[in-house]
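Remarks on the overall topology
Given next are the chains, with one letter for each unit.
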Amino acid sequence: MPDAIAQYVRLIFPAGVCLVLLGASAVYFGADIPAAKAIFSSVVIAVAGLAVAVNPVFRPMPVLWGVLAVLLGFGVHHVLMGWMDTAAPEFAALAAAGCFWLMGYGCARQSDAASALWRATLTVGSLIALWAFISFTFEPRTPANARLSGGFLSANTAATFFGIIALMGLTELLGQIRKSLGSRAPAFARRALPLALALVCVMISASCLVLTASRAGIAFAGLCAVALTGWQVLAWTRHGGVSQRSTGLGIAGFVAVLVIGGLVWTVSGELAGVRYESDLLENPRAELFAAYWDAVALAPLAGHGLGSFVFTNDLITTSQTIRSLGNTNAAHNVFLQWLLQAGWSGALAMWGVALLLIWQVWRGLKLRRRHRGYLRAVLCISAFVTLHGLTDFALEVPGVMWWWAWILGLGAGIAAAGHREQTRQARHGTARASSRTALASRAGFVAVAFVLAGLAGWQGQMRVSANLAGELGPEALAAVAERGTLPPSAYLRDAYAARAIAADIGDLDFAYRATLAAIDREPRLVTAWNRLVYLDLVRNGYLTGAGQEALAQSYYLTPYGSRDVARWRLQIAASAWGQLTSLNRSGVRLELSAQAIRDRRWLQQFAAQVPDGFREEVEAVLSRAN
């Protein structure tokens, strides 16, 4: 036992720190908020830089510099296009994923660390599952048929996460079954507790998976669980030959999967069963995929920019797709979403890197004599994540992407610790570790890591300030307005402008200046263009040419917009209908048609409150929609 404890203590840094960050990101909405993405990424990158600085086992490989060069190239492109304010948290999250992979790789290469790392990772994931299960079971839910989402903002994203943990737990359970069966009674007694703990981990995470009621998530996780079990059983048989013991192992493995699946479904499968019975043809994903595939052609080479999905979605929404596209914040297909954001060049680069990392794990099956079960599990987990990515966007969420990167890193590290690799390292390790090239690579990585960590932290701080700008008092905002320059963040500038037009401040001049400054850094901010319309109307009493152009730009960027945006624009249109250009009137009529479909009751009430000229337009739209 002391040796086992010492083994875990040696893994506190950086593995322990990584697991804390992974757990925190998962429970904090998957870190799927720009400020959280940037701040978490800053800490992760700094930890990776420190790990490389103090331990040569974490030295970056040449391929890592290649990936960094690709990210740098895309970053320059985003700066030139004026997209970096939106894309910065996304770049930080991708860099953090690479750092998680590097630290997982380095930790797993250390002597006899594979089992400890796997179990520690499983423990953290199972604790998150336990918390999610207890919260979902005992806290009141509204509506009553709500699905479990854990710390994430989406039940489907939670399904990917808990599916990963369930497959990790199944791997551990199968390993414990193999060690236990055929052993003498005292040995089995010693293994009873690990066997029970592995079973508990699988049951809890699988229950959470089923409670998400994600049809694709449950189906793909079940498929990968059966594949993993069959693969492990075949490997046991091939390794030891067909015997009574190997047959018993196979039967025990499949019975365990079936019993666990049956128990979990009996206890937690009611809501999922209802969703499976619903008509799959009602699922709007086919319409979504068709619209987004067509949108790829708008910018096929380099896409519309990382983090730009909402802008693109608003731009391509039509009156025919308003019901499906108007209420979504993701493409529900990670391949399509990357094509939209990064074009074919970025999507091929990203999936090329993913395939390279998976191939490194696959190669380890030929190199390793031990821990092959973990390598098979990493490959099955990767298959599950990829398959579920066809119908969901979990890999866009840092709290899931980072877990996959960490597990891929563990797999690559286990594979690299194979007998042939160890022999080669023993022969050349000392010379390589002391070489100037290796030292320069480590020093360069540390420098780059701390620079990137600082930039990501700076972006996170400005996003936090933007989130808190609405709480600024008149004196604090006046101090901001008196400065000669505004912060280099479109979102912070926009937040200052929004606060400046509040009734208790009413600094319209500063609001106008800050709004123009926000548009200068991110011209796709619809809220800023709408504010220009409002400021023009309030300051002049009517819409001037500048106000008309701002309204036209708002309708170009978001022909239909969210309900709040649509209601606001229609109220502006009602007050200035006689002044609007023919172009803006066309935009208003299209928006009225969309509102008649998705917000009819509000539109009927709105018609009773507007001047006669505009009321006729509203009533005509309502009559056509009957």
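Summarised in this report is the structure supplied together with it. Values in this document were obtained by computation on a predicted structure and should not be read as measured data.

1. A closer look at the overall build of the protein chain
Looking only at helices and strands, one finds 28 helices and zero strands in the protein chain. Classification of the 626 residues of the protein chain by burial places 52% in the buried group. Summarising the internal contacts of the protein chain: among those between residues at least 6 apart in sequence, 79% fall at separations of at least 24. Total accessible area computed for the protein chain in this model is approximately 28,000 Å², and 64% of it derives from carbon and sulfur atoms.

2. Notes on the side chain of Glu522
You can see Glu522 is positioned in the loop between helix 22 (508-521) and helix 23 (526-540). Glu522 has contacts with Gly82, Trp83, Thr86, Phe311, Ala490 and Tyr491, leaving out every residue within four places of it along the chain.

3. Some points on the side chain of Ser154
Note that Ser154 resides in the loop between helix 6 (114-138) and helix 7 (155-180). Owing to a relative accessible area of 15%, Ser154 belongs among the buried residues under this scheme. When near neighbours in sequence (up to four residues on either side) are disregarded, Ser154 contacts Ser149 and Phe393.

4. Digging into helix 12 (residues 285-296)
Look at helix 12: 16 Å from first C-alpha to last across 12 residues, which is about the 16 Å you get at 1.5 Å a residue. Along helix 12, the positions that sit buried rather than exposed are Arg285, Leu288, Ala291, Tyr292, Ala295 and Val296. For helix 12, the angular spread of the buried residues around the axis is 145°, confining them to a single face. Across helix 12 from its buried face, at more than 90 degrees, point the exposed residues Ala286 and Asp294. On its buried side, helix 12 packs onto helix 7, helix 13 (309-316), helix 14 (322-325) and helix 15 (334-367).

5. Focus: the environment of Trp529
If you trace the backbone, Trp529 turns up in helix 23. Those residues within four positions of Trp529 in sequence are excluded, and the remaining contacts are Ile519, Pro523, Ala550, Gln553, Ser554 and Leu557. Reaching out from Trp529, the side chain makes a polar contact with the backbone oxygen of Pro523 at a distance of 2.9 Å.

6. Some details on the nonpolar core
Among the nonpolar cores identified, the biggest contains 126 residues, and Phe162, Trp402 and Trp406 are the most heavily contacted of them. No other element matches the 15 residues that helix 5 (residues 84-109) contributes to this core. Beyond its immediate sequence surroundings of up to four residues, Phe162 is in contact with Ile128, Ala129, Ala132, Leu148, Ser205, Cys208, Leu209 and Thr212. One finds Val533, Leu543, Leu580 and Phe614 within the second-largest nonpolar core, a separate group that totals 36 residues.

7. Notes on unusual backbone geometry
Cis rather than trans, the peptide bond between Phe13 and Pro14 has omega equal to 0°. Inspection of the secondary structure puts Pro14 in helix 2 (residues 12-27). Positive phi, normally seen in glycine, also occurs at Ala213, with a value near 55°. Note on placement: Ala213 falls in the loop between helix 8 (185-211) and helix 9 (215-240). The backbone phi angle of His371 is positive, close to 60°, even though this residue is not glycine. In this fold, His371 is placed in the loop between helix 15 and helix 16 (372-389). For His371, a relative accessible area of 16% gives the class buried.

Calculation criteria
- Residues numbered from 1 in each chain as written.
- Predicted model: local features only at pLDDT ≥ 70, side-chain atom pairs only at ≥ 80, totals over all residues.
- Heavy atoms only, no water.
- Helix = DSSP H or I, 4+ residues; strand = E, 2+ residues; numbered from the N terminus.
- Buried < 20%, exposed > 50% of the residue type's maximum accessible area, 1.4 Å probe, protein only.
- Contact = heavy atoms within 4.5 Å.
- Areas by Shrake-Rupley, 256 points an atom, 1.4 Å probe, with all protein chains shown as cover.
- Expected span 1.5 Å × (residues − 1).
- Arc of directions from axis to C-beta.
- Polar contact = N/O pair within 3.5 Å; in protein donor to acceptor, adjacent residues only side chain to side chain.
- Core = buried A, V, L, I, M, F, W, Y, C linked by side-chain atoms within 4.5 Å.

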